[in-house]
Every structure is written in C-alpha cells, then in structure tokens.
Amino acid sequence: MDFLTQGLFRSSGVVLRRRISAEGDISLHLFLKGVGPVWVQAPGSARGRGRFGGATEPLTWGSFNLYKGPKHLYLKTIDVKDDMWTLRLDPEKLHSALEWNRMVSRYTCSGVAEDDVLILLYWTMRSLCEGANPLFLSWRLLWRWLYIRGEAPDLSKCEQCGVALKDAVYWSDSGFLCQNCSSNGGSSMIASKELRLLQAAAMLPRRNLISFSSQGAPSDGTEKAFWKTQIGRLKMILDRSC
Ligand SMILES: [Zn+2]
C-alpha cells in the first residue's frame, strides 16, 4: 500500500470481496482503476443500519472516495454506478460472477494496476446481466485475460508447427496442436465444431454474444462438461502464470 501517497483520492472499480467483523467493521477488497486490488477499511460501518447500505456488496461497481492513512486505506463514500442487480436474482449467474471475483482477487497483485482486466471484468459481468451464457463468458474472460498477459493459447494456429487449425485438434498443456503434432489422441481431442465454438466465445464482438448464447448454449451434461474442461485448462495456464 506504500505505493499510494497519503491523503484523499478517488478511483472507480468494483467490490471483489467483503468481510464484516463481529465488531461491525467492514473490510473490502476493491479492484480499482489505476491502482489494482487493495483492501480498504470502514471501521464500524456495519453497525446499526450500516453507513453504506448495500453499496459495499461484492459485484457493486462505483466510484470510491478513499483516504490513505499512515497504515491503512479508509473508505469515505461510494457513488454506485452499476449494482449488477440482475446477477443477484439468479443463483447460477451470481455463482459465476462471484467465481470471477475470486479469480481476480487471487490472480492479481496488490499495487499492480490492471485496467485492461478491470474493463474486461466489467463487460463480462454486464454481458451476463444481459443474458449471455455463463460458461461461454467464463471461457471468454479467461482467454481474454490470458491474451492481455500474452499467454492465451492460439485459437487459429497449431502451437508447435503453426499450421492453421481446422479439423480435430488436440490439447497440450498450454495450447492447441494439429493432428500431426499431437502424439496422443483420446480424451484431449477437440472436434472442429467444438473448436469453432471456443473461437466464437473468445472472439465475437460483445453485441453478438447474446444471440450466440441462444443458438449454441450447452444444453446437456456432456456439453457443459466440455466447457468446464476447457475453462479448467485456461485456469491452469493462469495458475502457472502467477
Ligand atoms: Zn502442428
């Protein structure tokens, strides 16, 4: 926290996590523009009716007025810009958005601003509010996050020989391989139709995500398991990159 100078400042961002102590003190893990992830304190704010109302709930986006003291960062006021209310009404959406918050909390470093990731997180949550499929969005968020870090698997070319990926492809530890470069078939094979879905979920402009979700959303357990496997693979890359 020493990277911040003492005094008042303002930044926009999101509440990632919230802790409330038995004494009614609130600690918030915020992800802020120009700052990155930071813990801020609001002593006594959860007592009685609560000074900030629902504005300290995780997933709340807003403008935060903060005071940097000698040891801690304190919350003064919150100007809520987007409370992502739709997500709170649907358990599946809520679960996905909170999982994204946990990942950002875990895979970003205190004092390192990652504004591209902040913007990505915002528009991923907005798309979830507007009806895009949570599994597509999880894959999209992770792939684009890795892309920002320069570690996203190439979705168009074989990782080893660079040939264009078109038929069935294979997953190595870090990317996609063509049939020639893959030494094993079996469970890591991805059919060309599935590859096209992965490419679309990662690359489509946001305005096309909703209609894409309504056409190709995974409907049965096997399809959902496929997406969960692919999401897990990207998580492993993110895990290694930290
Ligand atoms: Zn190859």
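Residues numbered from 1 in each chain as written. Predicted model: local features only at pLDDT ≥ 70, side-chain atom pairs only at ≥ 80, totals over all residues. Heavy atoms only, no water.

S.K.: Now, about helix α6 (residues 209-216): what can you tell me, with residues and values included?
M.R.: Here α6 has its buried residues at Leu209, Phe212 and Ser213. On an axial view of α6, the arc spanned by its buried residues comes to 100°, and they lie on one face. Away from its buried face by more than 90 degrees, α6 exposes Ser214 and Gln215. Contact partners of the buried residues in α6: α3 (115-129), α4 (134-148) and α5 (192-203). (Buried < 20%, exposed > 50% of the residue type's maximum accessible area, 1.4 Å probe, protein only. Helix = DSSP H or I, 4+ residues; strand = E, 2+ residues; numbered from the N terminus. Arc of directions from axis to C-beta. Contact = heavy atoms within 4.5 Å.)

S.K.: Just give me the short version of the coordination of the zinc ion, but keep the residues and values in it.
M.R.: Donor atoms from the polypeptide that coordinate the zinc ion comprise Cys158 (SG), Cys161 (SG), Cys178 (SG) and Cys181 (SG), at 2.3 Å from the metal. Coordination at the zinc ion is tetrahedral: its four donor atoms span angles of 105 to 115° at the metal. All donors of the zinc ion come from a single chain, and their spacing in sequence reads C-x2-C-x16-C-x2-C. Of this pair, Cys158 sits in the loop between α4 and β6 (169-171) while Cys181 is found in the loop between β7 (176-177) and β8 (189-190), placing the two residues 23 residues apart along the sequence. The buried category is assigned to Cys158, whose relative accessible area is 4%. Taking the relative accessible area as the measure of exposure, Cys181 reaches 21% and is therefore partly exposed. (Donors = N, O, S within 2.8 Å, 3.2 Å for Na, K, Ca; no water. Tetrahedral: all angles 85-135°; square planar, octahedral: opposite > 155°, others 65-115°.)

S.K.: Describe the pairing of strand β4 (residues 61-68), listing the residues and the values that go with them.
M.R.: The buried fraction of β4 amounts to six of the eight residues, a majority that puts the element mostly inside the structure. Sheet topology places strand β1 (residues 7-20) next to β4; eight bridges connect them, and they run antiparallel. Note that in β4 the partner of Arg10 across the bridge is Asn65. In terms of strand pairing, β4 meets strand β5 (residues 73-82) through eight bridges, oriented antiparallel. In the strand pairing of β5, Asn65 is matched with Thr77. (Pairing = 2+ DSSP bridges.)

S.K.: Explain the packing of aromatic side chains residue by residue, including any values.
M.R.: Enumeration over the complete set of coordinates arrives at eight aromatic pairs. Taken together, a centroid distance of 5.0 Å and an interplanar angle of 80° make the contact between Trp61 and Tyr122 edge-to-face. In this pair, Trp61 sits in strand β4 while Tyr122 sits in helix α3, placing the two residues 61 residues apart along the sequence. Tyr122 matches Trp61 in its accessibility class, with the two residues each being buried. With a centroid separation of 6.4 Å and 70° between ring planes, the pair formed by Tyr107 and Trp145 is classed as edge-to-face. Linking Tyr107 in helix α2 (residues 91-107) with Trp145 in helix α4, this pair joins segments that are 38 residues apart in sequence. On the basis of relative accessible area, Trp145 is assigned to the buried category, the value being 0%. (Phe/Tyr/Trp six-rings, centres within 6.5 Å; stacked < 30°, edge-to-face > 60°.)

S.K.: Can you tell me about the nonpolar core, naming the residues and giving the values?
M.R.: Counting residues in each nonpolar core, the largest one holds 53 residues, and the members touching the most others are Trp100, Leu121, Trp139, Trp145 and Phe176. Examining the composition of this core, we find that nine residues originate from one element, α4, more than from any other. Here this core spans two domains, and each of domain 1 (7-85) and domain 2 (131-241) adds at least three residues to it. Apart from residues no more than four positions distant in its own chain, Leu121 is found in contact with Val14, Leu16, Phe31, Trp61, Trp100, Asn101, Val104 and Leu141. Leu30, Ala42, Leu66 and Leu75 belong to the second-largest nonpolar core, a separate cluster that totals 18 residues. (Core = buried A, V, L, I, M, F, W, Y, C linked by side-chain atoms within 4.5 Å. Domains from an automatic or database assignment.)

S.K.: Can you break down the domain arrangement of the protein chain residue by residue, with the values?
M.R.: Domain parsing of the protein chain yields domain 1 (7-85) and domain 2 (131-241). Computed from C-alpha coordinates alone, the two centres of domain 1 and domain 2 are separated by 35 Å.

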